[in-house]
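Examination of the molecular architecture
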Amino acid sequence: MPTLILVRHGRSTANTAGVLAGRTPGVALDERGAEQAAALPGRLAALPLAAAVSSPLQRCRETLRPLLDARPDLPLHTEERISECDYGDWAGRKLAELADEPLMTVVQQHPSAAAFPGGESMRAMQARAVDAVRDWNARIEAEHGENAAYVMCSHGDIIKSLVADALGMHLDLFQRVHADPCSVTAIRYTRLRPFLLRLGDTGDLAPLAPREPAPGEGKEAGSEADAAVGGGAGAP
C-alpha cells in the first residue's frame, strides 16, 4: 500500500497570535510560514509523488502552492475529512484564555471524552481523518500501484490522531505526539500494519523515496517485512 507524506501547514497568523484558529476563514500563512512552504518543494524533491491532497482551509492550500507550482503535473484534490477539528464556540479564542476552561483539562488528559461546545468530539475528528486516509490509500494504490507515495496537507490535531491510529495508540495518548508547522510525518501502510517512518521531520526526506528490492530480497522488502530487531538502519 502507499506511503503517506503528511505535511502540517506552515506557521499561520493564528499560530503567531496564539489563537485557536479552527475553521475560521481567512487564516493565512505568516511570513515564516510562507518561507516554510517555499522550502517544501526542495525537501520533497527526491520523492515521486502520485497526488496532493489538501484540507480545504486556506493555510493548507497556501502551504502546497509552491509544491504545485514546482510540479505542475501533480494533481491536487481537496478532502473535507482532513479539515481542522471543528472547535465550535472555541474557534477564534485566545489559547491563554482557553487554558482556564475546565474542558481544556479533558482535552489534554482524556481527549476521547472531549467534545467542543457547538463543534465536534475528538473521537469524531479522528474517525473521519482515518477513514479519509484509508480511502485515499486504496485510491492511490489502485491508480498508481502499491509503492506509490502521496502528500497530504492537514492540521496538527489531525496529524497527531493519524499517528496514534498508525501506532495502535489510544486517542487518550495522542497529546504525546508533536508536529511542528510545515513538518513532515510519513506513514507507510501495508496489508498487515502501518510503519511510522518520520514524525515531525523538518530535514532531509530523500530516504523516504520508494526503493526496489535488492537481489535476493522478496517482494515484501520495504513493505510488509518485519521491523528490524533493534531498529537497525534497514528497518522499514
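Residues numbered from 1 in each chain as written. Predicted model: local features only at pLDDT ≥ 70, side-chain atom pairs only at ≥ 80, totals over all residues. Heavy atoms only, no water.

**Some details on the overall build of the protein**
Along its length, the protein carries seven helices and six strands. Within the protein, the proportion of its 236 residues that are buried is 47%. In the protein, 70% of the contacts between residues at least 6 apart in sequence involve partners at least 24 apart. Accessible surface, the protein as shown: approximately 10800 Å² in total, 50% of it carbon and sulfur. (Helix = DSSP H or I, 4+ residues; strand = E, 2+ residues; numbered from the N terminus. Buried < 20%, exposed > 50% of the residue type's maximum accessible area, 1.4 Å probe, protein only. Contact = heavy atoms within 4.5 Å. Areas by Shrake-Rupley, 256 points an atom, 1.4 Å probe, with all protein chains shown as cover.)

**Focus on the layout of surface pockets**
In this model, the largest pocket occupies a volume close to 600 Å³. Along the wall of the largest pocket there are 29 residues; nearest its centre are R8, L20, Y87, L95 and D157. Only α1 (13–17), α5 (102–109) and α7 (156–166) provide two or more residues apiece to the lining of the largest pocket. Its residues placed into classes, the lining of the largest pocket shows 14 nonpolar, nine polar and six charged. (1 Å grid on protein atoms, 1.4 Å probe; cavity = no way out; pocket = protein on both sides within 12 Å on 5 of 7 lines; lining within 4 Å. Points joined across faces, edges and corners; volume = space filled by probe spheres on them. Nonpolar A, V, L, I, M, F, W, Y, C, P; charged D, E, K, R; others polar.)

**Considering the environment of R134**
Mapped onto the elements of the fold, R134 is located in helix α6 (residues 122–144). Judged by relative accessible area, R134 falls into the partly exposed class, the value being 37%. With 55 residues separating them in the primary sequence, R134 and Y189 have C-alpha atoms 9.3 Å apart. Leaving out residues up to four positions away in the same chain, R134 has contacts with D165 and Y189.

**So, the pairing of strand β5 (residues 184–189)**
By the criterion of burial, β5 is predominantly enclosed, with six of the six residues buried. Of the two faces of β5, the one carrying V184, A186 and R188 and the one carrying T185, I187 and Y189 are both buried. In this sheet, strand β6 (residues 194–201) lies alongside β5 in antiparallel orientation, the contact comprising five bridges. Bridge pairing in β6 links A186 to R198. Linking β5 back to β6 in an antiparallel pair, the connection comprises four residues. (Pairing = 2+ DSSP bridges.)

**Section: the pairing of strand β4 (residues 149–154)**
The buried fraction of β4 is high, at six of six residues. The alternating pattern of β4 places A149, V151 and C153 and Y150, M152 and S154 on opposite faces, both of which are buried. As judged from the six bridges shared by strand β1 (residues 3–8) and β4, these two strands associate in the parallel manner. Within β4, the residue paired with T3 across the bridge is A149. By the bridge criterion, four bridges tie strand β2 (residues 49–54) to β4 in an arrangement that is parallel. Pairing of S54 across the sheet is with C153, part of β4.

**With respect to the side chain of D30**
Along the chain, the position of D30 falls in the loop between α1 and α2 (31–43). Among the polar contacts listed, one links the side chain of D30 to the side chain of R11, at a separation of 2.7 Å. Of the polar contacts made by the side chain of D30, one reaches the backbone nitrogen of G33; its length is 2.7 Å. In this view, D30 contacts R11, S12, T13 and T16; residues no more than four positions away in its chain are not counted. (Polar contact = N/O pair within 3.5 Å; in protein donor to acceptor, adjacent residues only side chain to side chain.)

**Remarks on the sheet that holds strand β3 (residues 76–78)**
Read from one edge to the other, the open sheet built from six strands follows the order β3-β2-β4-β1-β5-β6, with strand pairing classed as mixed. The outermost strands of the open sheet, each flanked by one partner alone, are β3 and β6. Going across the sheet, the axis of each strand differs from the next one's by a mean of 20°, ignoring polarity. Contacts between α6 and the sheet are confined to β1, β2, β3, β4 and β5, with β4 contributing the most and set at about 150° to the helix. (Axes fitted to C-alpha atoms, helices over the stretch in contact; angles between N-to-C directions.)

**Details of the confidence of the model for the protein**
Counting all residues, the mean pLDDT for the protein is 89, and 86% of those residues have values of 70 or more. Contacts for the low-pLDDT stretch residues 225–236, under 50 throughout, to residues beyond four places or in other chains number 14 contacts. (pLDDT = per-residue confidence, 0-100.)

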